[in-house]
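Each chain, written out:
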Amino acid sequence: MSRTVITFGTFDVFHVGHLRVIERAAALGDRLVVGVSADALNERKKGRVPVFSQAERLAIVAALKPVDEVFVEESLELKRDYIQQFGADVLVMGDDWAGRFDEFKELCEVVYLPRTPAISTTALIEKISGTV
Ligand code: C2G
């Protein structure tokens, strides 16, 4: 039986930490589906408009070799629906989300992967804009 893995993220200012989590997520199954968070979701939940638009972020993630399918994640509250819609057997998230999605363990396996140290979109934005 083929195993579908699903993961979610903004993937703004795409960096190697994003790539590593996608590679490790793909290694846990046969098919990787990635939910890329909508611009409106980011603005609403994080108070920041992404540097790259959702169409650009979606195109970047879709072009990655380990990724089989992408979609726009419109709301954090729709995770259950997305897991069911894509028939996911495994939900993967970085461990900055550890424990936050344990309620989905009744639907699928839930795995939190350690983040790649010392790199983040926020740090990159600060570095590029010369504020650090
Ligand atoms: N990540 C990582 N190492 C880093 C930076 C990020 O492993 N140094 C992982 C995060 O843990 C996450 C993924 O890369 O699993 C995407 O990170 P973000 O774009 O910051 O995603 P986020 O905004 O946390 O997701 O439903 C969740 C939402 O879509 C938001």
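Refer to the structure above for everything that follows.
Residues numbered from 1 in each chain as written. Predicted model: local features only at pLDDT ≥ 70, side-chain atom pairs only at ≥ 80, totals over all residues. Heavy atoms only, no water.

Asker: Looking at this structure, I do not really get the site of the ligand. What am I missing?
Answerer: Not every one of the 21 residues close to the ligand is listed here, only the nearest: Lys46, Glu73, Lys79, Asp96 and Ile119. Within the side chain of Asp96, one N or O atom sits 2.7 Å away from an oxygen atom of the ligand. Contact with the protein chains removes 94% of the 630 Å² of surface that the ligand exposes when unbound. If you map the ligand onto the pockets, it falls in the largest pocket. (Near = heavy atom within 4 Å. Polar contact = N/O pair within 3.5 Å; in protein donor to acceptor, adjacent residues only side chain to side chain. Areas by Shrake-Rupley, 256 points an atom, 1.4 Å probe, with all protein chains shown as cover. 1 Å grid on protein atoms, 1.4 Å probe; cavity = no way out; pocket = protein on both sides within 12 Å on 5 of 7 lines; lining within 4 Å. Sits in = over half its atoms within 2 Å of the grid points.)

Asker: Any chance you could explain the pattern of salt bridges here in plain terms?
Answerer: Following the criterion strictly, the structure yields 10 salt bridges and no others. Here Arg31 ties to Glu69 by a salt bridge, and the two come within 2.9 Å at their closest N and O atoms. In this pair, Arg31 sits in strand β2 (residues 31-37) while Glu69 sits in strand β3 (residues 69-73), placing the two residues 38 residues apart along the sequence. Exposure remark for Arg31: the relative accessible area of 26% places this residue in the partly exposed category. Residues Asp102 and Lys105 are paired through a salt bridge, measuring 3.6 Å at the closest nitrogen-oxygen approach. Within this structure, Arg80, Glu103 and Glu106 form a network of salt bridges that share partners. (Salt bridge = Lys/Arg side-chain N within 4 Å of Asp/Glu carboxyl O. Helix = DSSP H or I, 4+ residues; strand = E, 2+ residues; numbered from the N terminus. Buried < 20%, exposed > 50% of the residue type's maximum accessible area, 1.4 Å probe, protein only.)

Asker: Honestly, the sheet that holds strand β4 (residues 90-94) in this entry has me stumped. Any pointers?
Answerer: Two modes of strand pairing occur in sheets, parallel and antiparallel, and in both the strands are linked by backbone hydrogen bonds. As summarised here, the arrangement of the 5 strands in space is β3-β2-β1-β4-β5, forming an open sheet in which the pairing is parallel. The two strands at the open ends of the sheet, each matched to only one other strand, are β3 and β5 (109-113). Strand-to-strand twist in this sheet, taken as the mean axis angle between neighbours without regard to direction, amounts to 25 degrees. Pairing of strand β1 (residues 4-9) with β4 involves 3 bridges; the strand directions are parallel. Paired with Val5 across the bridge in β4 is Val90. (Pairing = 2+ DSSP bridges. Axes fitted to C-alpha atoms, helices over the stretch in contact; angles between N-to-C directions.)

Asker: What is the right way to read the layout of surface pockets from this model?
Answerer: Empty space among the atoms becomes apparent when a probe as large as a water molecule is rolled across them. Taken as a whole, the largest pocket spans an internal volume of roughly 720 Å³. Residue lining of the largest pocket: 33 residues in total, with Thr10, Lys46, Asp96, Trp97 and Arg115 positioned closest to the centre. When residues of the lining of the largest pocket are traced back to their parent elements, those giving at least two are β1, α1 (16-26), α2 (39-46), β4 and α5 (121-128). Partitioning the lining of the largest pocket into residue classes produces 11 nonpolar, 13 polar and 9 charged. (Points joined across faces, edges and corners; volume = space filled by probe spheres on them. Nonpolar A, V, L, I, M, F, W, Y, C, P; charged D, E, K, R; others polar.)

Asker: Could you clarify how one ought to interpret the nonpolar core in this entry?
Answerer: In a soluble, globular protein the nonpolar side chains are often hidden away together inside. Ranked by internal contacts, the top residues of the largest apolar core, which has 16 residues, are Phe11, Ile22, Leu32, Val34, Val61, Val67 and Val92. Where this core is concerned, the elements lending two or more residues are α1, β2, β4 and β5. Ranked by residues supplied to this core, first place goes to α1 with 4 residues. Non-local contacts of Phe11, meaning those with residues more than four positions away in its chain, are made with His18, Val21, Ile22, Val34, Gly35, Val36, Arg57 and Val61. Judged by nonpolar contacts, the second largest core, of 14 residues, contains Ile6, Ala88, Leu91 and Phe101. (Core = buried A, V, L, I, M, F, W, Y, C linked by side-chain atoms within 4.5 Å. Contact = heavy atoms within 4.5 Å.)

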